[in-house]
Amino acid sequence: MKNVSKKVQQGFTLIELMIVVAIIGILAAVALPAYKDYTVRAKVTEVVLAASAGKDAVAEHYNYKGTLPTTAELNLGTQASQYVSSVGWSGTVLTATATGETKINGSTITLTPSASGDVLNWVCSGTIAAQYRPASCK
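- Per an unreviewed UniProt entry, the chain is named Pilin, and its organism is Undibacterium cyanobacteriorum.
- A UniProt comment under Sequence similarities (unreviewed entry) is attached to the chain, and it reads "Belongs to the N-Me-Phe pilin family."

As structure tokens, this is what we get:
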């Protein structure tokens, strides 16, 4: 009788390694664009927050005097940051302008108040693409 021993496989075959590398490549190809959109959305959130900072000042003036403030009556101060070039009040609309990101550079977020009794309701819009705006601003 011959002593027959089986050779046990040790490690992975080349084809198995190639399949794993291909799967990782496909996942990376799908994930990178989604990640880039996510980072732009985070920057747009900063622009929305900068615009929202003026809402309190407008609402306070409205509650005190019963009218929206004029441009001269409202001082928003400096709201500029890495992704916000300016925030301004035109007498009827708060506008924040984005900067620092090529996909949104020069685009705006606008917050428009409408009076309902003693309460101001705000409508968010702007020139920033809807895919980058937060859900509350689509």
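### Brief notes about the overall build of the chain
Reasoning step 1: Scanning the chain for helices and strands turns up one helix and four strands.
Reasoning step 2: Scanning the chain from its N terminus toward the C terminus, one meets helices and strands in the order α-β-β-β-β.
Reasoning step 3: The C-alpha radius of gyration of the chain comes to 27 Å, more than 25% above the 14 Å expected for a compact globule of 138 residues.
Reasoning step 4: Seen through its C-alpha atoms, the chain measures out along the principal axes to roughly 105 × 30 × 20 Å.
Reasoning step 5: Buried residues in the chain amount to 28% of all 138 residues.
Reasoning step 6: Within the chain, contacts between residues separated by at least 24 positions form 40% of all contacts whose residues are at least 6 apart in sequence.
Reasoning step 7: Total accessible area on the chain stands at roughly 9400 Å², and carbon and sulfur atoms take up 59% of it.
Reasoning step 8: Across the chain, 11 positive and 8 negative side-chain charges occur, with their mean positions spaced 22 Å apart.

### Thoughts on the sheet that holds strand 4 (residues 119-126)
Through backbone hydrogen bonds, the strands of a sheet pair up, either in parallel or in antiparallel fashion.
Reasoning step 1: Sheet architecture is open: four strands sit in the order 1-2-3-4, paired in antiparallel fashion. Each having just a single partner strand, strand 1 (84-89) and strand 4 make up the two edges of the open sheet. If you compare each strand with its neighbour and ignore which way they point, the axes differ by 15° on average.
Reasoning step 2: Alignment of strand 2 (residues 94-98) against strand 3 (residues 108-116), held across four bridges, turns out to be antiparallel. Residue pairing for strand 3: T97 is matched across the bridge by T108.
Reasoning step 3: The strands that helix 1 (residues 14-65) touches are strand 1, strand 2, strand 3 and strand 4; relative to strand 3, the one it contacts most, it runs at about 25°.

### Some details on the pattern of salt bridges
Reasoning step 1: Applying the stated rule across the entire model yields three salt bridges.
Reasoning step 2: The partner of K65 in a salt bridge is E73, and the shortest N-O contact between them spans 3.8 Å.
Reasoning step 3: Among the residues examined, K65 registers a relative accessible area of 49% and is labelled partly exposed.

### Remarks on the nonpolar core
Reasoning step 1: In this structure, V44, I104, I109 and I128 are the most contacted members of the largest nonpolar core, which totals 24 residues.
Reasoning step 2: For this core, the element with the most residues is helix 1, which contributes eight residues.
Reasoning step 3: In this view, I109 contacts V47, V48, A51, L94, T95, A96, C124, S125, G126, I128, R133 and C137; residues no more than four positions away in its chain are not counted.

### A short note on the pairing of strand 1
Reasoning step 1: As judged from the five bridges shared by strand 1 and strand 2, these two strands associate in the antiparallel manner. Looking at the pairing, G88 lines up with T95 of strand 2.
Reasoning step 2: Connecting strand 1 to the antiparallel partner strand 2 that follows it, the hairpin turn spans four residues, and G91 within it adopts a positive phi of roughly 105°.

Thresholds applied
Residues numbered from 1 in each chain as written. Predicted model: local features only at pLDDT ≥ 70, side-chain atom pairs only at ≥ 80, totals over all residues. Heavy atoms only, no water. UniProt positions renumbered as here; feature names shortened; annotations may be inferred. Helix = DSSP H or I, 4+ residues; strand = E, 2+ residues; numbered from the N terminus. Rg over C-alpha atoms; globule rule 2.2 N^0.38 Å. Buried < 20%, exposed > 50% of the residue type's maximum accessible area, 1.4 Å probe, protein only. Contact = heavy atoms within 4.5 Å. Areas by Shrake-Rupley, 256 points an atom, 1.4 Å probe, with all protein chains shown as cover. Lys, Arg positive; Asp, Glu negative; His and termini not counted. Charge placed at Lys NZ, Arg CZ, Asp CG, Glu CD. Pairing = 2+ DSSP bridges. Axes fitted to C-alpha atoms, helices over the stretch in contact; angles between N-to-C directions. Salt bridge = Lys/Arg side-chain N within 4 Å of Asp/Glu carboxyl O. Core = buried A, V, L, I, M, F, W, Y, C linked by side-chain atoms within 4.5 Å.

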